[in-house]
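Fold and geometry: a report
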Amino acid sequence: IDEVGPITKTAWRIMMTALCLLPSFVWEVSTKSKGKEDVKKYFSKSSLHNLFLSTITSTTDLFLWVYAMNYTSISDSMLFQTSTPFICIIHMLLKHQLPQPVEILGGIIAFLGVIILSTMVDAQGSDLKLYGDFLALISCILGYCWLRYNNYFMKRLNMGIFVYYFPYSVLSAVYCVACACLFEGIGFWELMSGFVMQQPLVVVMLGIGPGLFGLTLMTYCQKHVDLFVLSVVCTLEPLFASVVAAALGVRNEVTWWTLVGGAVLIFGNCITMYGNQRAKKSQEQEETLLEKETA
C-alpha cells in the first residue's frame with residue numbers, strides 16, 4: 001500500500017488487531033472471575049502509567065520501523081530491529097545484572113546469523129541510507145522498552161493476555177490515528193474509509209498475522225520466558241522475513257547465504273535456550289538446598 005503513509009498503515013493494522021481481539025476480551029471478562037479481577041488492576045496509578053508508556057513506545061516503534069523501510073532494505077531494517085539482545089545486555093549492565101555467559105554467547109552467535117542474512121543475502125540490494133538505519137535502531141530501543149512494560153503486566157500483575165492486550169490495542173489505535181491526522185495530513189474520515197475500502201484483504205492479513213498471532217502470542221510468552229531469551233528468539237525474524245519475501249516474490253530466491261545465516265541463527269538460539277535452562281536448574285537446586293538447610 002504505497003500511496004498511504006507509514007503511520008496510517010500502522011493505524012489500520014492495529015485497528016484490525018483490536019477488532020480481532022474484541023471477542024476474546026469479552027469472553028475472558030464475562031466467563032472468568034480472574035478476568036474481572038484483572039480489569040480492576042487497571043485502576044491504579046502505576047498500571048495506567050505503564051499502559052500509557054506501553055502504548056506510546058510500541059506504537060512509535062511500529063510506525064518508525066515501517067517508515068525506516070522507505071529508506072533502507074527489509075533485511076537491514078530487521079538487522080537493527082533484532083539488536084534487542086544487546087540493548088537488553090546494556091540495560092542489565094546498568095542495573096548491575098548480567099545473563100549467563102552461555103546465554104550471551106548464544107546471543108552473539110544468533111546476531112552473527114542476522115548479520116549474514118542482512119549483508120550477504122541483500123548484498124546486491126536496495127539503496128541504503130543511514131537515516132533509515134538510524135530510525136530502525138531507535139525503533140529497536142523503543143521495542144525493548146515495550147517488552148519491559150509487557151513484563152509488568154504479564155509477570156508482575158499476572159494479567160490475562162486478552163484483558164491486557166485489547167485495551168492496549170485500542171489505545172494504540174487511537175494514538176496512531178491522532179498521529180496520522182497530525183503528521184501525515186490525512187483526514188479522520190478519509191483514514192477510516194481507507195481502512196475499510198483500500199485493499200481490505202491486506203489490512204485483514206496484517207491485523208490477524210503479525211498483530212493477533214505475532215505480537216499477541218509474543219506478549220503471552222513473557223509470562224513463561226525470560227526477557228533476554230525472548231529477545232534472542234526474536235532474532236529469528238529476519239530468517240522468516242527472507243523466506244516470506246522470497247515466497248511473495250519480493251526477493252527472487254532463497255540463496256545459500258539465507259540457509260547459512262539461518263543455520264547460524266538457529267544454532268545461537270539453541271545455545272541461549274540451553275544456557276537459560278541450565279541456569280534455571282542451578283537456581284532451583286540452590287533454592288532446594290537452602291530450604292533443606294533452613295529446615
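Details of the structure are given in the entry above.
In this report, the structure presented in the accompanying data block is examined. What you are looking at is a predicted structure, and each value in this text was computed from that prediction instead of being measured.

Rules behind the numbers
Residues numbered from 1 in each chain as written. Predicted model: local features only at pLDDT ≥ 70, side-chain atom pairs only at ≥ 80, totals over all residues. Heavy atoms only, no water. Core = buried A, V, L, I, M, F, W, Y, C linked by side-chain atoms within 4.5 Å. Buried < 20%, exposed > 50% of the residue type's maximum accessible area, 1.4 Å probe, protein only. Helix = DSSP H or I, 4+ residues; strand = E, 2+ residues; numbered from the N terminus. Contact = heavy atoms within 4.5 Å. Axes fitted to C-alpha atoms, helices over the stretch in contact; angles between N-to-C directions. Parallel < 35°, antiparallel > 145°, perpendicular 65-115°, else oblique. Left-handed = near helix turned anticlockwise from the far one by under 90°. Nonpolar A, V, L, I, M, F, W, Y, C, P; charged D, E, K, R; others polar. Phe/Tyr/Trp six-rings, centres within 6.5 Å; stacked < 30°, edge-to-face > 60°.

Observations concerning the nonpolar core
Formed by 34 residues in total, the largest nonpolar core has its most connected members in Tyr42, Trp146, Phe153, Met159, Tyr164 and Tyr165. Of all the secondary structure elements, the ones that give two or more residues to this core are α1 (6-31), α5 (84-94), α6 (101-119), α7 (130-156), α8 (161-183), α10 (200-221) and α11 (227-233). The dominant element in this core, judged by the number of residues it contributes, is α7, at 7 residues. Counting 17 residues, the second largest nonpolar core, distinct from the first, contains Trp12, Ile14, Cys176 and Ala180.

Some remarks on the side chain of Thr8
Looking at the element boundaries, Thr8 is found in helix α1. Leave out the neighbours within four places in its chain, and Thr8 touches Ala180, Glu184, Ile186 and Leu191.

Some details on the packing of α1 against α8
Contact geometry for α1 and α8: axes closest at 8 Å, N-to-C directions at 155 degrees. With respect to α8, the element α1 is oriented roughly antiparallel. When you trace α1 past α8, the crossing you get is left-handed. Counted by class, the contact of α1 with α8 contains 22 nonpolar, 6 polar and 1 charged residues.

Notes on the environment of Trp65
Considering the arrangement of structural elements, one finds Trp65 in helix α3 (residues 45-68). Since its relative accessible area comes to 16%, Trp65 is described here as buried. As a C-alpha pair, Trp65 and Ile138 span 73 residues in sequence and 8.7 Å in three-dimensional space.

A short note on the packing of aromatic side chains
One pass over the structure, following the stated rule, counts 8 aromatic pairs. Their ring planes at 85 degrees and their centres at 5.1 Å tell us that Tyr152 and Phe153 sit as a pair that is edge-to-face. Phe153 carries the same exposure label as Tyr152, and that label is buried. Centroid distance Phe153 to Tyr164: 4.6 Å. Interplanar angle 20 degrees. Geometry classified as stacked. Highlighted residues: Phe153 in helix α7 and Tyr164 in helix α8, separated in sequence by 11 residues. Like Phe153, the residue Tyr164 is buried in the burial classification. Ring-pair connections join several aromatic residues into one group, and the members of that group are Trp146, Tyr152, Phe153, Tyr164, Tyr165 and Tyr168.

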